[in-house]
Amino acid sequence: MIVDMLLRVFGVDPSQFQHNSDKWVSLSIYFADVVYLILPYVLFLIPWVWLGVRMWKKKTTNRSTIIKVIVVSLFLLGIGFILPGIIEYVFAVLAIRSYYGM
């Protein structure tokens, strides 16, 4: 099953759970720990790293470029907070389908 494979990705033995719903709850907790805490800030830093590399290569950086980097980084930060919720919703739907056998 998909939940067993995803639990193995996080390094958890799926056979230690008695019920299939316990597997989904555990997977949700591991997913939340990793993605909710890390993804938004990684996406926020990507434009700043690009700007740093651009400045390191001695290319000119004008004010409009810095404003674009600020806007894009804030946009990616918002996406980083929304995207995990959507993925968590997909996990919930898969758990319900698995639990009720649909």
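Conventions we followed
Residues numbered from 1 in each chain as written. Predicted model: local features only at pLDDT ≥ 70, side-chain atom pairs only at ≥ 80, totals over all residues. Heavy atoms only, no water. Helix = DSSP H or I, 4+ residues; strand = E, 2+ residues; numbered from the N terminus. Rg over C-alpha atoms; globule rule 2.2 N^0.38 Å. pLDDT = per-residue confidence, 0-100. Core = buried A, V, L, I, M, F, W, Y, C linked by side-chain atoms within 4.5 Å. Buried < 20%, exposed > 50% of the residue type's maximum accessible area, 1.4 Å probe, protein only. Contact = heavy atoms within 4.5 Å. Phe/Tyr/Trp six-rings, centres within 6.5 Å; stacked < 30°, edge-to-face > 60°. Arc of directions from axis to C-beta.

Comments concerning the overall build of the protein chain
Working step 1: Of regular secondary structure, the protein chain possesses 3 helices and 0 strands.
Working step 2: Along the protein chain, helices and strands appear, N-terminal first, in the series α-α-α.
Working step 3: For the protein chain, whose C-alpha radius of gyration is 19 Å, the value lies well above the compact-globule estimate of 13 Å for 102 residues.
Working step 4: Principal-axis analysis of the C-alpha atoms places the extent of the protein chain at approximately 60 × 25 × 15 Å.

Considerations on the confidence of the model for the protein chain
As a note on interpretation, predicted positions should not be read in detail where pLDDT is low.
Working step 1: Here the protein chain averages 83 in pLDDT, while 98% of its residues score no lower than 70.
Working step 2: Between the elements of the protein chain, mean pLDDT differs from a low of 83, seen in helix H2 (residues 20–56), to a high of 86, seen in helix H3 (residues 63–100).

What to know about the nonpolar core
Working step 1: If you look at the biggest cluster of nonpolar residues, it comprises 10 residues: Val3, Leu6, Leu7, Val12, Trp24, Leu27, Phe31, Val35, Phe91 and Ala95.
Working step 2: Of all the secondary-structure elements, those providing two or more residues to this core are helix H1 (2–9), H2 and H3.
Working step 3: In terms of residue count, H2 provides more of this core than any other element does, 4 residues in total.
Working step 4: Beyond its immediate chain neighbours, meaning those up to four positions away, Leu6 contacts Leu27 and Phe91.

Examining the packing of aromatic side chains
Working step 1: Evaluated as defined, the whole model comprises 1 aromatic pair.
Working step 2: Note on Tyr41 and Phe81: the rings are 6.1 Å apart at their centroids and 90° apart in plane angle, and the pair reads as edge-to-face. Of this pair, Tyr41 sits in helix H2 while Phe81 sits in helix H3, and the two are 40 residues apart along the sequence.
Working step 3: Using a relative accessible area of 45% as the deciding quantity, one classes Tyr41 as partly exposed.

Quick look at the environment of His19
Working step 1: By secondary structure assignment, the location of His19 is in the loop between H1 and H2.
Working step 2: Judged by relative accessible area, which is 48%, His19 ranks as partly exposed.

A few points about H1
Working step 1: Val3, Asp4, Leu6 and Leu7 are the residues of H1 that are buried. Within H1, the buried residues cover an arc of 165° as seen down the axis, which keeps them to one side. Structural note: H1 exposes Arg8 and Val9 on the side pointing more than 90 degrees away from its buried face.
Working step 2: In this structure, the buried side of H1 is in contact with H2 and H3.
Working step 3: Looking one or two places after H1, you find Gly11, whose phi comes out positive at around 80°.

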